[in-house]
Structure formats: structure tokens, C-alpha cells
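Chain residues, written in single-letter form:
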Amino acid sequence: PGEHHVSLFLIAALPFLGALFPALLIRAGRNAAAASAGFTTFLAFVGLLLNAPAVLRGEVIQARLDWLPGLGLNTNFFLDGLGLLFAGLILGIGLLIILYARFYLSREDPMGQFYTYLLLFQGAMVGIVLSDNILLLLVFWELTSLSSFLLIGYWKHLPEGRQGARMALAVTGSGGLAMIAGMLILGHIV
């Protein structure tokens, strides 16, 4: 199982690592920004597919990193059939959006920013799918709130964009608070 541990952490980390590049590479041109975003997403997708045969045999791949075990702060990831399906959808559709955006966004649009926000969103969603820890789930959930706010408000000059971004933040933020409340109630019951 040792070889899988690296790949699960890597699959979760790659979109976040990839988010650093488009904003930096935009000076090198739109193709460089799009290629860097596409490449890291493609690597994560391939990493996921390499685990597919084991998952399809019925195995559950787990990766664990003890950080502060006394406080329950561990980094636990797991991949089962459902996780494989959803992570595959997120990364596969992400790749298509990266390709589409390269030709859709106009020259005036800050493309590097868009790809950075998109990769953060992608990473947060993959994190939710793979996380096997309530605290980790909460962190990734809040990251989706933040990155969806940034993505929806991408066209800052349009009032609809700003209004939509605020609405998204309110909805996902209140969803996150409801999730924390539910976890506290469950903890109390347990």
C-alpha cells in the first residue's frame, strides 16, 4: 500500500501546487498559463487512474499522516469507488474547462487569475471527495466557499458578477456553519 499513499496525497496536492503557476506564467503568454493549469490537472487525473484498477477490485486505498493525533488533527485520505467516480468527474471536467477557457476568454480578461481560482476550486473539491477526516472536510469545504466566491466574482466590473459572488459566499458559508453545528451535535450525542 505504500505506493498509493504518495499518490493520494499527490492527487490532493497537485491542483493547489498547480494554482501557483498560471498567475506567474501569464507574462509568458496565455498558452503557457493554460498549459501549466492543464498539465497539473492531467497529472492528478493520471494519478487517479493509476489507482483505478485496485479500487475496481474492491480495495479501499487509504493514506494517513498523523499530525497532532491527541487533538484528532490527522491528514487522512481514502479512495473508494464513489470517490474515484467523483474525483474523476472533477478532474476530467476541469481539464475540459481549462481547454475551453483558453479559447473563450478574451485578451482583456486576466486569464492567469482565472486558472488560479479554477485550480483552487478543483483542489478543494477533490479534497472534499478524498478526505477521511471531519476537520479536513471542513477545511476543504471552506476552501470551496472562498474559491467559488473568487470564480463567480471573476468579472468584477459586472454588478451581476459581484452580486453572484456575495450570494455564493453567503450560501456556502451558511452551509459550512450548518455542517459545523451538525458535527457538534453528533459529537455531543457520541
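Our structure's up above, just so we're on the same page.
Rules and cut-offs
Residues numbered from 1 in each chain as written. Predicted model: local features only at pLDDT ≥ 70, side-chain atom pairs only at ≥ 80, totals over all residues. Heavy atoms only, no water. Helix = DSSP H or I, 4+ residues; strand = E, 2+ residues; numbered from the N terminus. Buried < 20%, exposed > 50% of the residue type's maximum accessible area, 1.4 Å probe, protein only. Contact = heavy atoms within 4.5 Å. Areas by Shrake-Rupley, 256 points an atom, 1.4 Å probe, with all protein chains shown as cover. Expected span 1.5 Å × (residues − 1). Salt bridge = Lys/Arg side-chain N within 4 Å of Asp/Glu carboxyl O. Polar contact = N/O pair within 3.5 Å; in protein donor to acceptor, adjacent residues only side chain to side chain. Core = buried A, V, L, I, M, F, W, Y, C linked by side-chain atoms within 4.5 Å. Phe/Tyr/Trp six-rings, centres within 6.5 Å; stacked < 30°, edge-to-face > 60°. Axes fitted to C-alpha atoms, helices over the stretch in contact; angles between N-to-C directions. Parallel < 35°, antiparallel > 145°, perpendicular 65-115°, else oblique. Nonpolar A, V, L, I, M, F, W, Y, C, P; charged D, E, K, R; others polar.

**Let's talk about the overall build of the protein chain**
Step number 1: From N to C terminus, the protein chain includes 7 helices and 2 strands.
Step number 2: Counted from the first residue to the last, the protein chain has its helices and strands arranged as α-α-α-β-β-α-α-α-α.
Step number 3: Put simply, the protein chain has 190 residues, and 40% of those count as buried.
Step number 4: Taking all contacts inside the protein chain whose residues are at least 6 apart in sequence as the whole, residues at least 24 apart take part in 70%.
Step number 5: Looking at the protein chain as shown, the accessible area adds up to about 10,800 Å², and 74% of this sits on carbon and sulfur atoms.

**Some remarks on helix α5 (residues 111–130)**
For an α-helix, the turn length of 3.6 residues means that residues three or four places apart are oriented alike.
Step number 1: Counted at 1.5 Å a residue, the expected span for α5 with its 20 residues is 28 Å, and the 28 Å between its end C-alpha atoms agrees.
Step number 2: With 14 of 20 residues buried, α5 is to be regarded as a mostly interior element.

**A short note on the environment of R27**
Step number 1: With respect to the secondary-structure elements, R27 resides in the loop between α2 (20–25) and α3 (30–56).
Step number 2: With relative accessibility at 83%, the residue R27 sits in the exposed group.
Step number 3: In the structure, R27 is positioned 85 residues away from G112 in sequence and 8.8 Å away in space, judged by C-alpha atoms.

**Overview of the pattern of salt bridges**
Side chains that carry opposite charge are capable of pairing whenever their charged atoms lie near each other.
Step number 1: All chains considered together, the criterion is met by 1 salt bridge.
Step number 2: Across the pair R57 and E59 runs a salt bridge whose closest N-O atoms are separated by 3.0 Å.
Step number 3: A relative accessible area of 35% means that E59 is categorised as partly exposed.

**With respect to helix α6 (residues 134–152)**
Step number 1: Between the first and last C-alpha of α6 there are 27 Å, a value that for 19 residues agrees with the 27 Å anticipated at 1.5 Å per step.
Step number 2: All buried positions along α6 are accounted for by L136, L138, F140, T144, S145, S147, S148 and L151.
Step number 3: Structurally, the start of α6 carries an N-cap: the backbone nitrogen of L135 is 2.8 Å from a side-chain oxygen of N133.

**So, the nonpolar core**
Step number 1: By size, the foremost hydrophobic cluster in this structure holds 21 residues, and its most contacted members are L8, I11, L48, F77, L79 and L130.
Step number 2: When residues of this core are traced back to their parent elements, those giving at least two are α1 (2–18), α3, β1 (61–68), β2 (73–79), α4 (81–104), α5 and α6.
Step number 3: With 5 residues, the top contributor of residues to this core is α3.
Step number 4: Setting aside its immediate chain neighbours within four residues, I11 contacts A44, G47, L48, N51, L91, V126 and L130.
Step number 5: Within the second largest apolar cluster, 14 residues are counted, among which are A33, M111, Y115 and Y117.

**Quick look at the environment of S145**
Step number 1: Relative to the helices and strands, S145 resides in helix α6.
Step number 2: For S145 and L169, which are 24 residues apart along the polypeptide, the C-alpha to C-alpha distance reads 5.8 Å.
Step number 3: The contacts of S145, once residues within four sequence positions are left out, are L169, T172 and G173.

**Points about the packing of aromatic side chains**
Aromatic ring pairs are defined here through the distance separating the ring centres and the angle between the ring planes.
Step number 1: Applying the stated criterion across every chain yields a total of 5 aromatic pairs.
Step number 2: Consider the rings of F9 and F77, whose centres lie 5.4 Å apart with planes at 75°: the pair is edge-to-face. A residue pair is termed long-range when its members are at least 10 positions apart, and F9 in helix α1 and F77 in strand β2 qualify at 68 residues.
Step number 3: Judged by its relative accessible area of 4%, F77 falls in the buried class.

**Brief notes about the packing of α3 against α5**
Step number 1: Interhelical geometry of α3 versus α5 gives an angle of 10° and a closest axis separation of 9 Å. Compared by their axis directions, α3 and α5 come out roughly parallel. Residues R30, A33, A34, A37, T40 and T41 of α3 touch α5, and the partners they reach there are M111, Y115, L119 and Q122.
Step number 2: Of the residues in the contact of α3 with α5, the class split is 6 nonpolar, 3 polar and 1 charged.

Any link to function would need more than the numbers given here.
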